[in-house]
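Listed here are the chains, written in short residue letters.
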Amino acid sequence: MSYNIKKKIARFGIASKGVVFILIGGLTAWSAFGSGGKKTDSNGAMTFLIKQPFGQVLLWVLAIGLASYVFWRLYQSFIDPENEGNDLKGLATRFGYLSNGLFYLFILYGAVKLLLGGGSSDGGNESMIQKLLNTGSGRWIIAAVALIYLGQAIYLMFLAYSGRFKAQIKETGMADKTQKLMLNSGRVGYTALGLVFGMIAYLTVRSAMSFDASKAGGIKDALIFIQNEFGVLVLAIMAFGLATFGVFMIIKASVRDMKF
């Protein structure tokens, strides 16, 4: 596979990830302002998409985009084109790429299942967690998953405010105004997503501690928890942050330096 093809696949994948979060943020904001939307996650966003005119086609395009993103993350993890290395820091970064790729692989599975008429996989996730809780080591496996979510949350927060993130934007050579837009949208987006992942980690730990799968959850459950505990205004701010993250990813798709 040529360099140009791999680069296009990666850019398409990053942009597709952005579209998912624009849908999640937009539908959640719609809900927060009482306009008929609903707090949702990737499954809800894809269900909304497939119900639109030409929805099947749009969702197939999005599914291909998500597959492209998974390919890029796994490529980063195993081939290491950015020379992260094999020391502790490099391996941790590459493991982050791997866990991120697997996370979006599950989202891709949900999209394909929906396209093939299988419906949403929300209930299946809860059933799988309950089956794990019923096994001897299941509680600890779920706790380990919670730690991965927490690690992702911490990493996203680090990205939002680290000098590395600012340096990466400067390296693109964009105009100052565009760099400022990228920096601000990235910080807002990474912070919002980091908080959501942190909340998912908390819900997952709570599930493991109580042996109750219904207390676990994904993005939608984290947003419901945020509304219940902190109110609609905070929910609206989080929705704006997630949509901003989506916009940031689409811009990033066009300017990121790709190494293969």
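Note: the structure precedes this text.
Residues numbered from 1 in each chain as written. Predicted model: local features only at pLDDT ≥ 70, side-chain atom pairs only at ≥ 80, totals over all residues. Heavy atoms only, no water.

A. Spotlight on the overall build of the protein. Across its full length, the protein carries ten helices and zero strands. Mapped from its N terminus to its C terminus, the protein presents α and β elements in the order α-α-α-α-α-α-α-α-α-α. Each principal axis of the C-alpha distribution contributes one length, and for the protein these read about 50 × 45 × 40 Å. Relative to its 260 residues, the protein shows a buried fraction of 47%. Put simply, 69% of the contacts in the protein that link residues at least 6 apart link residues at least 24 apart. For the protein, the distance from the average site of its 26 positive side-chain charges to the average site of its 13 negative ones is 4 Å. (Helix = DSSP H or I, 4+ residues; strand = E, 2+ residues; numbered from the N terminus. Buried < 20%, exposed > 50% of the residue type's maximum accessible area, 1.4 Å probe, protein only. Contact = heavy atoms within 4.5 Å. Lys, Arg positive; Asp, Glu negative; His and termini not counted. Charge placed at Lys NZ, Arg CZ, Asp CG, Glu CD.)

B. Layout of a nonpolar patch on the surface. A cluster of nonpolar side chains, Phe-12, Phe-54, Val-57, Leu-58, Val-61 and Ile-64, forms an exposed patch at the surface whose accessible area comes to about 590 Å². Residue placement: Phe-54 occurs in the loop between helix H2 (42–50) and helix H3 (55–78). The class of Phe-54 is exposed, set by a relative accessible area of 70%. (Patch = residues over 30% accessible without salt bridge, like charges linked within 9 Å, V, L, I, M, F, W, Y side chains within 5 Å. Areas by Shrake-Rupley, 256 points an atom, 1.4 Å probe, with all protein chains shown as cover. Salt bridge = Lys/Arg side-chain N within 4 Å of Asp/Glu carboxyl O.)

C. Representation of the pattern of salt bridges in the model. Overall, the coordinates contain two salt bridges when judged by the stated rule. In this structure, the salt-bridge partner of Arg-256 is Glu-82, at a minimum N-O distance of 2.9 Å. Note that Arg-256 is positioned in the segment after helix H10 (232–255) and Glu-82 in the loop between H3 and helix H4 (88–115), a separation of 174 residues in sequence. In terms of burial, Arg-256 and Glu-82 fall into one category: buried.

D. Spotlight on the environment of Asn-184. Note that Asn-184 resides in helix H8 (residues 176–210). Along the primary structure Asn-184 and Ala-160 are separated by 24 residues, whereas in three dimensions their C-alpha atoms are 9.1 Å apart.

E. Layout of the packing of H8 against helix H9 (residues 219–230). At their nearest, the axes of H8 and H9 sit 9 Å apart, and the two run at 95° to each other. On the basis of the axis angle, H8 is roughly perpendicular to H9. Taken together, the residues of H9 that come into contact with H8 (itself represented by Val-196, Met-199, Ile-200, Tyr-202, Leu-203 and Arg-206) are Ile-219, Asp-221, Ala-222, Leu-223, Phe-225, Ile-226 and Phe-230. Considered class by class, the residues forming the contact of H8 with H9 number eleven nonpolar, no polar and two charged. (Axes fitted to C-alpha atoms, helices over the stretch in contact; angles between N-to-C directions. Parallel < 35°, antiparallel > 145°, perpendicular 65-115°, else oblique. Nonpolar A, V, L, I, M, F, W, Y, C, P; charged D, E, K, R; others polar.)

F. Just the packing of aromatic side chains, in detail. Within the structure shown, the criterion is met by eleven aromatic pairs. Ring geometry for Tyr-149 and Phe-197: centres 5.8 Å apart, planes at 65°, overall edge-to-face. Of the two residues, Tyr-149 sits in helix H6 (residues 138–161) while Phe-197 sits in helix H8, which places them 48 residues apart along the sequence. Look at Phe-197 and you get buried, because its relative accessible area is 3%. (Phe/Tyr/Trp six-rings, centres within 6.5 Å; stacked < 30°, edge-to-face > 60°.)

G. Main features of the packing of helix H7 (residues 163–171) against H8. Packing of H7 against H8 leaves a shortest axis separation of 10 Å and a crossing angle of 145°. The crossing of H7 and H8 is right-handed. When H7 is examined against H8, the residues Phe-165, Lys-166, Ile-169 and Lys-170 are found in contact with a partner set consisting of Gln-179, Met-182, Leu-183, Gly-186, Arg-187 and Tyr-190. Of the residues belonging to the contact of H7 with H8, the class tally is five nonpolar, two polar and three charged. (Left-handed = near helix turned anticlockwise from the far one by under 90°.)

H. Expanded view of the side chain of Asp-80. Along the chain, Asp-80 turns up in the loop between H3 and H4. Exposure remark for Asp-80: the relative accessible area of 13% places this residue in the buried category. Ignoring sequence-local partners within four residues, the contact set of Asp-80 consists of Tyr-75, Gly-85 and Arg-94.

I. Expanded view of H8. With 35 residues, H8 extends 51 Å from end C-alpha to end C-alpha; this agrees with the ideal 51 Å at 1.5 Å per step. At the C-terminal side of H8, Phe-211 shows a positive phi close to 55°. (Expected span 1.5 Å × (residues − 1).)

J. Spatial organisation of the side chain of Ser-68. Tracing the sequence through the fold places Ser-68 in helix H3. Note on Ser-68: relative accessible area 9%, which makes it buried. Setting aside residues up to four positions removed in sequence, Ser-68 forms contacts with Ile-9, Phe-12 and Gly-13.

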